[in-house]
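Structural overview for review
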Amino acid sequence: MTQDEQKRAAAEAAIQYVPENCIVGVGTGSTANYFIDALARIKHKIEGAVASSEATSSRLAAHGIRVFDLNDIDSLTVYIDGADEINRDLQMIKGGGGALTREKIVAAVAETFVCVADQNKIVQILGKFPLPVEVIPMARSHVARQIMRLGGQPALREGFITDNGNIILDVRGLQIHHPAELEASLDEITGIVTNGLFAKRGADVLLLGTDKGVETISR
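Okay, so let's go over this structure. All figures in this text were calculated on a predicted structure; none of them were measured in a lab.

1. Examining the environment of Ala 107
Mapping Ala 107 onto the fold places it in helix 4 (residues 100-109). On the basis of relative accessible area, Ala 107 is assigned to the buried category, the value being 1%. When residues no more than four places from it in sequence are discounted, the contact partners of Ala 107 are Tyr 79, Phe 113, Phe 198 and Arg 201.

As structure tokens, this is what we get:
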């Protein structure tokens, strides 16, 4: 299968994790888009969705799926999203599309987090994919200096503003052997809104599209 076919297969397999009459959290990115397209086929069986970005909200609405504000619901059964990198402990780097903060919020609320990805996303050690960090604009230089002290090489994502009105620093040069520890260290830097490590709240299930079909990896 091609990479796109692997993404689509993983995304369509995630439909089995969506209970009837639920509100489902939906991520952002190319694999999440395949999930949205599949979700549209069962939209009559669900109440609606919570979106992790404006782009996702628009795609859901275009399919006629009701979009809820997270503040207006009491619970979220499941969250479906992709990853830029993921290890077999189901810790991830996310945020290549810039929606990491809202994605992390929705993931924190969801009872179950199902990651959908193609086989190219799975790695032994996180860090080859640049780690996105959302930053308050006035803190850019301060945050960059602190990240350099942690061994990273931060670069401003040119011409990009998040849905929250902030900037992204993409951090290269990291081999992340202890993802939860680095996630916590970055969270302590004043001026960082959040970072793209999803280790403290990783996925519960990974649906991995491969040449041989969809592999399921769970905690």
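2. Some words on the environment of Glu 47
Of note, Glu 47 is situated in the loop between helix 2 (30-39) and strand 2 (48-51). The spatial distance from the C-alpha of Glu 47 to the C-alpha of Phe 35 is 16 Å, given a sequence separation of 12 residues. Not counting the four nearest positions on each side in its chain, Glu 47 is found in contact with Asn 21, Cys 22, Ile 23, Arg 66 and Phe 68.

3. Remarks on the packing of helix 1 (residues 3-13) against helix 2
Where helix 1 meets helix 2, the closest approach of the two axes is 8 Å, and the angle between their N-to-C directions is 50 degrees. Considering their axes alone, helix 1 and helix 2 lie oblique with respect to each other. Considering the relative orientation of helix 1 and helix 2, their crossing is right-handed. Here Asp 4, Lys 7, Arg 8, Ala 11 and Glu 12 of helix 1 come into contact with helix 2, specifically with Ser 30, Thr 31, Tyr 34, Phe 35 and Ala 38. Classifying every residue of the contact of helix 1 with helix 2 gives four nonpolar, two polar and four charged.

4. Examining the side chain of Ser 52
Position of Ser 52 relative to the elements: it lies in the loop between strand 2 and helix 3 (54-62). Exposure remark for Ser 52: the relative accessible area of 0% places this residue in the buried category. In terms of polar contacts, Ser 52 uses its side chain to reach the side chain of Thr 28, at 2.7 Å. Apart from the residues within four sequence positions on either side, Ser 52 is in contact with Val 26, Gly 27, Thr 28, Tyr 79, Ala 99, Arg 102 and Glu 103.

5. Some remarks on the sheet that holds strand 12 (residues 197-198)
An order of 5-6-12 is seen for the three strands of this open sheet, with the pairing classed as antiparallel. Both edges of this open sheet fall to strand 5 (85-86) and strand 12, since each of them pairs with a single strand only. Pairing of strand 6 (residues 92-93) with strand 12, which is carried by two bridges, proceeds in the antiparallel orientation. Its bridge partner being in strand 12, Ile 93 is matched across the sheet by Leu 197.

6. Topic: helix 5 (residues 140-149)
Every buried residue of helix 5 is listed here: Val 143, Ala 144 and Ile 147. Taken around the axis of helix 5, the buried residues stretch over an arc of 100 degrees, which confines them to a single face. Away from its buried face, by an angle of more than 90 degrees, helix 5 presents the exposed residues Met 148 and Arg 149. On its buried side, helix 5 packs onto strand 8 (131-135), strand 9 (153-156), strand 10 (167-172), helix 6 (179-187) and strand 11 (192-195).

What counts and what doesn't
- Counting of residues starts from 1 at the beginning of each chain's written sequence and follows it residue by residue.
- At least 70 in pLDDT is required for a residue's local features to be given in this predicted model, at least 80 for side-chain atom pairs to be given and counted, and no such filter applies to totals for whole chains, interfaces and linings, which use all residues.
- Computation of side-chain values covers all heavy atoms of the structure but excludes hydrogens and water.
- Numbered from the N terminus, helices here are DSSP runs of H or I no shorter than four residues, and strands are runs of E no shorter than two.
- Exposure classes here rest on a 1.4 Å probe applied to the protein chains alone. A residue is buried below 20% of its type maximum, exposed above 50%, and partly exposed in between.
- Note on contacts: a residue pair is in contact if any heavy atoms of the two residues lie within 4.5 Å.
- Think of each axis as a best-fit line through the C-alpha atoms, taken over the contacting stretch in the case of a helix, with angles from 0 to 180 degrees between the N-to-C directions.
- The cut-offs work like this: below 35 degrees is roughly parallel, past 145 is roughly antiparallel, 65 to 115 is roughly perpendicular, and the gaps in between are oblique.
- Should the near helix be turned anticlockwise from the far one by less than a right angle, the crossing is termed left-handed; should it be turned clockwise, right-handed.
- Residue classes follow a fixed rule: Ala, Val, Leu, Ile, Met, Phe, Trp, Tyr, Cys and Pro count as nonpolar, while Asp, Glu, Lys and Arg count as charged, and any other residue, Gly among them, counts as polar.
- Side-chain atoms alone can form a polar contact between residues adjacent in sequence; in general such a contact is a pair of N or O atoms within 3.5 Å, and within protein one must be able to donate a hydrogen while the other accepts it.
- DSSP-based pairing: two strands are paired if at least 2 bridges between them are found.
- The arc in question is traced by the directions running from the helix axis to the C-beta atoms.

Limitation: the analysis is restricted to geometry and does not speak to function.
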